Amino acid sequence: MIIVSGASGQVGSRVAQGLSKPYVRMVRDAAKLPGAERAADYADLAGMVEALRGGETLFLVSGREDPHRLRAHKTAVDAAVQAGVRRIVYLSFAGAAADCTFTFGRDHWHTEQYIRESGLRFTFLRDNLYLEMVPRLAGADGVIRGPAGDGRIAAVSYDDIAACAVAVLEDPDSHDGRTYTLTGPEAFTLHEAAEVLHLTYVPETVAEAYASRAHLGAPEFEVAGWVTSYEAIANGELEQVTGDVERLTGQNPRSLRELRGV
């Protein structure tokens, strides 16, 4: 049996819909998905152990952005071990590294290492930025602002990520120990994205980016995540285009021009 975490989210819900093998849906908050078979918070070891019992494979969607997210991820992995889960398919992030520019990407790298050390079988799906998020970078005035310079992103759609996850979950033995980097078919600048989406891109300096977001009242760690995501683009850390989506699904990934109107 496959346990699909994050089943109320954009990727998890699509994965559940695409599976032909037996699965159960797990959510953090049962109110977000009435009818979900399991509910537990990653940080709740006992609750997670109970929620994961009977599962052979856990599709682990990364937790919500939080200063303690890595600790919660480690607890979820510990719970999988205690519950008798055999493997984890983890939804990670492109360019994840201990010292990557994008602060939240570091959590993903450390989570990967913890899964490796757990003794469980694993597959890592490292997705680039979500394609559907690109138009949502713009403010109410239709302007995208950030310190991305002329860097490029190989953003990938929810549908393509979910299709890759389904392919791995349906035939997990073939993908044990592998890491896939999921991207769209092209790498584009935010200038190019803005033109396609009928928006405007205004580059900021890093200092300007922090200053322009100060009025939002968001926690420091969250603002740092927003700003460093643009810095990672500027540094070329998200420009790699791979053929992993096509290799896993047999289909070409969705492009930016196909996104118009989203």
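Right above here is the structure, for reference.
This write-up is about the structure you can find in this document. (Residues numbered from 1 in each chain as written. Predicted model: local features only at pLDDT ≥ 70, side-chain atom pairs only at ≥ 80, totals over all residues. Heavy atoms only, no water.)

## A few points about the overall build of the chain
Then, number 1: In terms of regular secondary structure, the chain is built from 10 helices and 11 strands.
Then, number 2: On the principal axes, the C-alpha backbone points of the chain span a range of 50 × 40 × 35 Å.
Then, number 3: Residue burial in the chain is summarised as follows: out of 262 residues, 49% are buried.
Then, number 4: Sequence-distant contacts, at least 24 apart, represent 73% of the contacts inside the chain between residues at least 6 apart.
Then, number 5: Counting only carbon and sulfur atoms, one obtains 47% of the accessible surface of the chain, whose full area is about 11,600 Å².
Then, number 6: Of note, the chain has its 26 positive side-chain charges centred 4 Å away from the centre of its 36 negative side-chain charges. (Helix = DSSP H or I, 4+ residues; strand = E, 2+ residues; numbered from the N terminus. Buried < 20%, exposed > 50% of the residue type's maximum accessible area, 1.4 Å probe, protein only. Contact = heavy atoms within 4.5 Å. Areas by Shrake-Rupley, 256 points an atom, 1.4 Å probe, with all protein chains shown as cover. Lys, Arg positive; Asp, Glu negative; His and termini not counted. Charge placed at Lys NZ, Arg CZ, Asp CG, Glu CD.)

## Re unusual backbone geometry
Then, number 1: You will see that His 198, though not glycine, has its phi angle at about 60°, which is positive.
Then, number 2: Summarising the element assignment, His 198 is placed in the loop between α6 (190-196) and β11 (200-203).

## Regarding the sheet that holds strand β1 (residues 2-4)
Then, number 1: Judged by pairing direction, the sheet is parallel, and its seven strands sit side by side in the order β3-β2-β1-β4-β5-β6-β9 without closing on themselves. One side of each edge strand has no neighbouring strand; the edge strands of this open sheet are β3 (38-39) and β9 (179-182).
Then, number 2: Judged from the three bridges that link them, β1 and strand β2 (residues 23-27) form a sheet pairing that is parallel. Bridging from a neighbouring strand, Ile 2 pairs with Tyr 23 of β2.
Then, number 3: Contacts between helix α1 (residues 10-18) and the sheet are confined to β1, β2, β4 (57-61) and β5 (87-93), with β1 contributing the most and set at about 150° to the helix.
Then, number 4: Contacts between helix α5 (residues 158-170) and the sheet are confined to β1, β4, β5, β6 (121-127) and β9, with β6 contributing the most and set at about 165° to the helix. (Pairing = 2+ DSSP bridges. Axes fitted to C-alpha atoms, helices over the stretch in contact; angles between N-to-C directions.)

## Some points on the pattern of salt bridges
Then, number 1: By the definition in use, this model includes 15 salt bridges.
Then, number 2: Linking Asp 173 and Arg 87 is a salt bridge whose minimum nitrogen-to-oxygen distance equals 2.7 Å. Taken as a pair, Asp 173 in the loop between α5 and β9 and Arg 87 in strand β5 lie far apart in primary sequence, 86 residues in all.
Then, number 3: Assessed through its relative accessible area of 1%, Arg 87 is described here as buried.
Then, number 4: Salt-bridge contacts for Arg 121 lead to Asp 173; the nearest nitrogen and oxygen are separated by 3.4 Å. On the criterion of sequence distance, the pair formed by Arg 121 in strand β6 and Asp 173 in the loop between α5 and β9 is long-range, its members being 52 residues apart.
Then, number 5: Connected through shared salt-bridge partners, Arg 87, Arg 121, Asp 173 and Asp 176 make up one network. (Salt bridge = Lys/Arg side-chain N within 4 Å of Asp/Glu carboxyl O.)

## Digging into helix α8 (residues 220-234)
Then, number 1: Its 15 residues give α8 an end-to-end C-alpha distance of 21 Å, which sits within 8% of 21 Å, the value for a rise of 1.5 Å per residue.
Then, number 2: Along α8, the positions that sit buried rather than exposed are Val 223, Ala 224, Gly 225, Val 227, Thr 228, Ser 229, Tyr 230, Ala 232 and Ile 233.
Then, number 3: Those residues of α8 hidden inside the fold are in contact with α4 (103-118), β7 (143-146), β8 (152-153), α6 and α7 (206-213).
Then, number 4: Of the residues flanking the end of α8, it is Gly 236, one or two places downstream, whose phi is positive at about 80°. (Expected span 1.5 Å × (residues − 1).)

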